[in-house]
Each structure stands twice: as C-alpha cells, then as structure tokens.
Amino acid sequence: MKIGVIGCAGRMGQMLVREITATAGCTLIGGTHKVGGEAIGKDLGLLAGLDALGVVAIDDPVALFAQADAVIDFSNPEATERHAALAAQAETVLVVGTTGLNPSQQAAIAQAATHTAIIQSPNMSLGVNLLLALVEQVASKLDDAYDIEILEMHHRNKVDAPSGTALGLGRAAAAGRGVALEDVWQKTRDGITGARPRGEIGFATLRGGDVIGDHVVMFAGDGERIELTHKGSGRQIYAKGAVRAALWARDKTPGLYSMKDVLGL
C-alpha cells in the first residue's frame with residue numbers, strides 16, 4: 001500500500017516515516033512539509049534518521065494525494081480540513097490523528113467521508129482505544145451517583161485543551177450514560193463554583209515538560225473510587241496505530257471510521 005505523510009519533517013511525521021518503512025505491505029510514497037520549509041527537497045529517510053529512501057519532501061499536498069493509496073495526517077485543524085477535501089477528490093484513504101477540530105471542520109471531514117474512507121480518532125494507540133471501550137462499559141454500569149472526572153497531562157507545547165483524547169474519553173463516558181457530552185461537561189472550574197452537579201463530567205488539564213500523554217478517568221462514588229489510566233511513553237504507539245488503520249482501510253467503502261472499527265472493539 002502506497003502511503004504518504006503530512007508534515008513529514010515533524011516529530012510525528014518522522015515517526016510515521018520510520019513505521020511505514022518498517023511495516024510489511026507498505027511503501028512510503030512521499031511526504032509534505034510547509035511551503036518554504038528547510039526540509040523541502042530533502043530525503044525523507046535522512047530526515048527520519050534512516051538511510052536515504054529516494055523520496056523527498058514536497059510542499060504540494062495535491063501531488064501527494066494523487067500518488068498515494070492512503071495519507072496520514074497529524075497536522076492542524078485548518079490543514080486537515082483542506083486535506084479531507086483532497087482525499088475526497090482523489091478517493092484516497094485518509095487517516096486523521098489531528099485534534100482540536102471545531103464543529104465546522106468536523107462536518108467537512110464527515111462530508112469528505114461520503115467519497116472515501118476516512119479513519120479518525122483522537123488517539124491512535126491500541127491502549128487508549130481499549131481504554132475508550134472500558135470507559136464506556138464502566139459508565140454504562142455505574143449510575144450518576146458516581147462522579148466522572150477526566151485528568152490529562154501533556155507536554156508544554158501542546159496547543160489545545162482539553163486534549164482530543166480526553167474529550168474522546170468524555171464522549172465514551174457520556175455514551176455509556178446515554179447522554180450528550182456537551183450537555184454535561186465541565187471543562188474549567190474557578191472561584192466559588194458551588195456543589196458539583198449530579199451527572200456532570202469534569203475535565204482537568206495539566207501541561208508541562210515533555211509528557212507524551214497521560215490520561216486518567218475517575219469514577220468517584222461514596223466510599224470508593226475507580227480509576228482507569230493510560231500513560232504513553234513514546235509516539236511510536238500513535239504511528240503504529242495510524243499505519244494499522246491505513247492498511248485496514250485499503251478495501252473499505254467510503255465512510256467515517258474510528259479505531260474502534262479498525263480494532264474490532
């Protein structure tokens with residue numbers, strides 16, 4: 001399967017280059033970098049700390065989508081919205097790991113998925129997706145006498161909060177309870193907030209250091225507390241999941257899929 005990488009010179013892009021190169025059944029077809037960036041024209045293998053691969057970074061995503069069977073995108077919401085339209089036009093599989101999309105951008109991805117297979121997840125790791133399934137299951141078994149709180153921590157340079165994974169965990173908990181997350185979430189607390197409303201799903205956001213991603217979902221009841229935790233120690237877990245998703249989608253009909261579909265959860 002011919003796979004392209006958006007943002008091939010970034011940390012996640014380099015990890016994807018290494019993972020694609022090491023995975024049987026995959027061929028790295030190309031990668032994009034920002035217009036005018038220093039990586040343009042450089043070999044993707046050398047950028048990723050490998051031997052030369054004979055494929056260089058370009059600044060034209062249209063050309064990348066035209067050549068690839070699948071493209072993996074961990075960029076930013078504005079760019080991902082544009083890339084979804086290109087994927088639809090080229091009927092190229094798109095794997096989206098970008099977080100922080102607004103409702104309009106998410107609607108654009110859903111529209112593009114009527115023309116091609118798009119796999120989107122707030123987190124591509126196997127462990128996190130197992131956690132999502134567990135959170136939904138536990139929430140379905142415990143009523144709102146158990147308060148749900150979601151704690152997440154990421155490195156100092158992460159720009160969106162709460163993280164896409166934290167919001168995904170919140171949606172899993174809300175689904176287990178049969179409610180819409182937007183109706184029950186509390187993203188911030190400050191000052192005199194009063195007692196915690198019954199059924200609320202709270203979020204706490206920490207930023208600092210070089211933390212890849214830690215997430216804890218707490219179910220706090222009277223007399224006991226259940227905590228489900230995932231800690232990521234390397235970005236390779238996201239790259240492995242993204243490449244697995246691309247391979248899974250090879251023969252899939254157009255539609256918007258998630259890692260739950262990929263993993264059969």
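Above this text is the structure in question.
The model shown is predicted, which means the values in this text are computed figures rather than measured ones.

Observations concerning the overall build of the chain
Then, in step 1: A tally of regular secondary structure across the chain gives 10 helices and 12 strands.
Then, in step 2: Here the chain has a C-alpha radius of gyration of 19 Å; the compact-globule value for 265 residues is 18 Å, and the two agree.
Then, in step 3: Principal axes of the C-alpha set define a box for the chain whose edges measure 60 × 40 × 30 Å.
Then, in step 4: Within the chain, the fraction of its 265 residues that count as buried is 48%.
Then, in step 5: Considering only residue pairs separated by 6 or more positions, the chain has 68% of its internal contacts joining residues 24 or more positions apart.
Then, in step 6: Put simply, the chain has 24 plus and 29 minus side-chain charges, and the middle of one group is 3 Å from the middle of the other.

Some points on the sheet that holds strand E3 (residues 57–58)
Then, in step 1: Judged by pairing direction, the sheet is parallel, and its 7 strands sit side by side in the order E3-E2-E1-E4-E5-E6-E12 without closing on themselves. Lying at the two open borders of the sheet, with one neighbouring strand each, are E3 and strand E12 (255–257).
Then, in step 2: As defined by bridge partners, strand E2 (residues 27–32) adjoins E3 across 2 bridges and the pair is classed as parallel. Each residue of the ladder has a partner; that of Thr-32, found in E3, is Ile-58.
Then, in step 3: Contacts between helix H4 (residues 77–90) and the sheet are confined to strand E1 (2–6), strand E4 (70–73) and strand E5 (93–96), with E5 contributing the most and set at about 160 degrees to the helix.

Remarks on the packing of helix H6 (residues 126–141) against helix H7 (residues 164–177)
Then, in step 1: Contact geometry for H6 and H7: axes closest at 7 Å, N-to-C directions at 30 degrees. One finds that H6 runs roughly parallel with respect to H7. The two elements H6 and H7 meet at a crossing, and its hand is right-handed. Where H6 approaches H7, its residues Val-128, Leu-131, Leu-132, Val-135, Glu-136, Ala-139 and Ser-140 are matched on the opposing element by Thr-165, Gly-168, Leu-169, Ala-172, Ala-173, Ala-175, Gly-176 and Arg-177.
Then, in step 2: Each residue belonging to the contact of H6 with H7 can be placed in one class, and the counts come to 9 nonpolar, 4 polar and 2 charged.

Brief notes about helix H1 (residues 11–22)
Then, in step 1: Taking 1.5 Å of rise per residue, the 12 residues of H1 would be expected to cover 16 Å, and the 17 Å separating its terminal C-alpha atoms lies within 8% of that figure.
Then, in step 2: Taken together, the buried positions of H1 are occupied by Met-12, Gly-13, Met-15, Leu-16, Val-17, Glu-19 and Ile-20.

Section: the packing of aromatic side chains
Then, in step 1: Counted under the stated rule, the structure contains 1 aromatic pair.
Then, in step 2: Ring geometry for Trp-248 and Tyr-257: centres 5.2 Å apart, planes at 80 degrees, overall edge-to-face.
Then, in step 3: Judged by its relative accessible area of 21%, Trp-248 is partly exposed.
Then, in step 4: A cation over a ring is seen here: Lys-187 above Trp-185, with NZ or CZ 3.8 Å from the ring centre.
Then, in step 5: Between Lys-252 and the ring centre of Trp-248, over which it is positioned, the NZ or CZ distance is 4.4 Å.

Cut-off values and rules
- Residues numbered from 1 in each chain as written.
- Predicted model: local features only at pLDDT ≥ 70, side-chain atom pairs only at ≥ 80, totals over all residues.
- Heavy atoms only, no water.
- Helix = DSSP H or I, 4+ residues; strand = E, 2+ residues; numbered from the N terminus.
- Rg over C-alpha atoms; globule rule 2.2 N^0.38 Å.
- Buried < 20%, exposed > 50% of the residue type's maximum accessible area, 1.4 Å probe, protein only.
- Contact = heavy atoms within 4.5 Å.
- Lys, Arg positive; Asp, Glu negative; His and termini not counted.
- Charge placed at Lys NZ, Arg CZ, Asp CG, Glu CD.
- Pairing = 2+ DSSP bridges.
- Axes fitted to C-alpha atoms, helices over the stretch in contact; angles between N-to-C directions.
- Parallel < 35°, antiparallel > 145°, perpendicular 65-115°, else oblique.
- Left-handed = near helix turned anticlockwise from the far one by under 90°.
- Nonpolar A, V, L, I, M, F, W, Y, C, P; charged D, E, K, R; others polar.
- Expected span 1.5 Å × (residues − 1).
- Phe/Tyr/Trp six-rings, centres within 6.5 Å; stacked < 30°, edge-to-face > 60°.
- Lys NZ or Arg CZ within 6 Å of the ring centre and 35° of its normal.

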